[in-house]
Amino acid sequence: MIKRAILKQAMGSAILGLFFMVTCSGVFLSPAMAGAIKLNYANFPPAPTFPCVQMERWKVEVEKRTGDQVQINTFPGGTLLGAKGMMDGVMAGQADIGNICMAYQPGRFVVTNATSLPLGIKNAKTGSMALLKLYERYKPKAFKDVVVLAMFTNAPGNVMSKVPVNCLADMKGLDLRASGGAAQILKAWGANPVGMPMPATVEALQKGTVKGLFSSLEVMKDFKFAENCKYVTMTETVIYPFAVIMNKGKWDSLPEDVQKVMMDLKKEQSLWTGTYMDDLIKRAIAWSKESNNVEFISLSDDEKAQWDGKLDFITQNWIKGATNKGLPAEEIIKDIKTYIQ
Ligand code: DTR
């Protein structure tokens, strides 16, 4: 009995001692403890797609550069927040960080969506840098309740289809999947745009609800669309702007050194993603040709001029709408044109 009581007392003081050691040395309380700051990062498309690849790269870099003070838990595939609810979800704190495709909400992100007008952005690297510069210059109100951690774009869109599209006449009445502002582009070309998020397109193509889609070509590989779409018409038209955003309250709660790591990474991450995307396009084209025998159709200069000419009204309409909202629309377009040269 006595022996057991002594043992109990000894164990008690050992635990107490350990507690003091831990707290006094700061290990328990210090924010520098590994993984002390946990952040949830939501993304809407599946893990192998480029928005999620850039998310994983950002996670690794932030964890490394903060000496593992920060631990980022990533949620691809809409497991935490979906495409449409991303912005509001992050603002409400359902996720600390989220990746939004701004083109899915044309009226909400008027300034940054100007980069998705047919202005001739040639690749994702140029698009990403122009988008970030535009954001930094105008600091649009749409972002006042969040902190922007990165901005990037995909590469220009092309027509991927089950039937060959050689000229505008071939587009007539063709059911093609599009999202956001791309719907009016397909309509102007005579096609029948069918709106749905990218992940839903896999089934729509298999079932034949749509005969193809309009987007950047990396999806031929990432979503295996090359198995259904044996033709690609190279229109090289318009990019989609994306942003990585963080909940403001969460940002304010972060130590300054962590905030610095993230801000220092903003431009680098944007550039990294644009470059990664451009490289991915090359690989997806090669893979589509080699493993799925996809035919790539280029338009003659005359034909291309006809396709482009059908889209002029889109920028004009945007200028009217943005001017009515009190935005310096002409200046925004001029700036984008300068940034992409
Ligand atoms: N073109 C847009 C955006 C987009 C391009 N590639 C991906 C991959 C995953 C999600 C979105 C996108 C679109 O058509 O949705």
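Residues numbered from 1 in each chain as written. Predicted model: local features only at pLDDT ≥ 70, side-chain atom pairs only at ≥ 80, totals over all residues. Heavy atoms only, no water.

Assigned secondary structure in the chain consists of 13 helices and 11 strands. Overall, the C-alpha framework of the chain stretches about 95 × 45 × 30 Å when taken along its three principal axes. Burial analysis of the chain (341 residues in total) assigns 49% to the buried set. Surface exposure of the chain reaches about 16,000 Å², of which carbon and sulfur atoms provide 57%. When the 40 basic and 32 acidic side-chain charges of the chain are each reduced to a single mean position, those positions are 5 Å apart. (Helix = DSSP H or I, 4+ residues; strand = E, 2+ residues; numbered from the N terminus. Buried < 20%, exposed > 50% of the residue type's maximum accessible area, 1.4 Å probe, protein only. Areas by Shrake-Rupley, 256 points an atom, 1.4 Å probe, with all protein chains shown as cover. Lys, Arg positive; Asp, Glu negative; His and termini not counted. Charge placed at Lys NZ, Arg CZ, Asp CG, Glu CD.)

With that settled, consider the packing of helix α12 (residues 312-324) against helix α13 (residues 329-339). One can describe the packing of α12 onto α13 by two numbers: an axis separation of 8 Å at closest approach and a directional angle of 135°. When the axis of α12 is compared with that of α13, the two are oblique. Residue-level inspection shows Thr315, Trp318, Ile319, Ala322 and Thr323 of α12 in contact with α13, the latter providing Ala329, Glu330, Ile332 and Ile333. Its residues assigned to classes, the contact of α12 with α13 comprises 6 nonpolar, 2 polar and 1 charged. (Axes fitted to C-alpha atoms, helices over the stretch in contact; angles between N-to-C directions. Parallel < 35°, antiparallel > 145°, perpendicular 65-115°, else oblique. Contact = heavy atoms within 4.5 Å. Nonpolar A, V, L, I, M, F, W, Y, C, P; charged D, E, K, R; others polar.)

The next thing to look at is the packing of aromatic side chains. What characterises a pair of aromatic rings is the spacing of the ring centres plus the angle enclosed by the ring planes. A full pass over the atoms with the stated rule returns 11 aromatic pairs. Consider the rings of tryptophan 189 and tryptophan 307, whose centres lie 4.8 Å apart with planes at 65°: the pair is edge-to-face. Linking tryptophan 189 in the loop between α6 (182-188) and β7 (192-195) with tryptophan 307 in helix α11 (residues 301-309), this pair joins segments that are 118 residues apart in sequence. Assigned by exposure class, tryptophan 189 and tryptophan 307 land together as buried. (Phe/Tyr/Trp six-rings, centres within 6.5 Å; stacked < 30°, edge-to-face > 60°.)

Before going further, it helps to examine the domain arrangement of the chain. Each domain of the chain was delimited in the assignment, giving domain 1 (37-153 + 240-280) and domain 2 (157-238 + 291-311). Taking the mean C-alpha position of each, domain 1 and domain 2 sit 27 Å from one another. Across the boundary between the two partners, domain 1 contributes 13 residues, which contact 13 residues of domain 2. Here domain 1 meets domain 2 over a buried area of about 1,200 Å², counting both sides, of which 65% is carbon and sulfur. Counting the contacts that link domain 1 with domain 2 gives 0 salt bridges. Across the contact surface, domain 1 and domain 2 share 1 residue pair in polar contact (both at pLDDT 80 or more). (Domains from an automatic or database assignment. Buried area = accessible area lost by both parts, 1.4 Å probe. Salt bridge = Lys/Arg side-chain N within 4 Å of Asp/Glu carboxyl O. Polar contact = N/O pair within 3.5 Å; in protein donor to acceptor, adjacent residues only side chain to side chain.)

What follows is about the site of the ligand. Taken together, 15 residues are adjacent to the ligand, and Tyr104, Arg177, Ser215, Glu218 and Tyr240 come closest. Between serine 215 and the ligand, the recorded distance is 2.9 Å, taken from a side-chain N or O atom to a nitrogen atom. Taken by itself the ligand offers 360 Å² of open surface, and the protein chains cover 100% of this. Grouping the constituent residues of the shell around the ligand by class yields 9 nonpolar, 4 polar and 2 charged. (Near = heavy atom within 4 Å.)

A few words on the pairing of β7. For strand β6 (residues 175-178) and β7, the ladder comprises 4 bridges, and the chain directions are parallel. Paired with aspartate 175 across the two strands is asparagine 192, which belongs to β7. Handedness of the crossover joining β6 and β7 through α6 is recorded here as right-handed. (Pairing = 2+ DSSP bridges. Right-handed = clockwise from strand over helix to strand, strands pointing away.)

What follows concerns the environment of proline 106. Checked against the element boundaries, proline 106 lands in the loop between β3 (97-101) and α4 (124-138). Measuring from C-alpha to C-alpha, the distance between proline 106 and glycine 78 comes to 21 Å, with 28 residues separating the pair along the chain.

If you trace the 5 strands from one edge of the open sheet to the other, you get β2-β1-β3-β10-β4, paired in mixed fashion. Every interior strand has two partners, whereas the edge strands, β2 (70-75) and β4 (146-153), have only one. Strand-to-strand twist across the sheet, computed as the mean angle between neighbouring axes with direction ignored, equals 20°. Helix-sheet contacts for helix α2 (residues 50-65) involve β1 (37-42), β2, β3, β4 and β10 (241-247), and the interaxial angle to β2 is about 165°. Set on the sheet, α4 makes contact with β4 and β10; between it and β4 the angle comes to about 150°.

The subject of this paragraph is the nonpolar core. Counting residues in hydrophobic clusters, the biggest one holds 106 residues, and the most contacted among them are Phe143, Trp189, Met262 and Trp318. Taken domain by domain, this core gets at least three of its residues from each of domain 1 (37-153 + 240-280) and domain 2 (157-238 + 291-311). Non-local contacts of tryptophan 189, meaning those with residues more than four positions away in its chain, are made with Val159, Leu168, Met171, Phe214, Thr235, Thr237, Trp307, Lys310 and Leu311. (Core = buried A, V, L, I, M, F, W, Y, C linked by side-chain atoms within 4.5 Å.)

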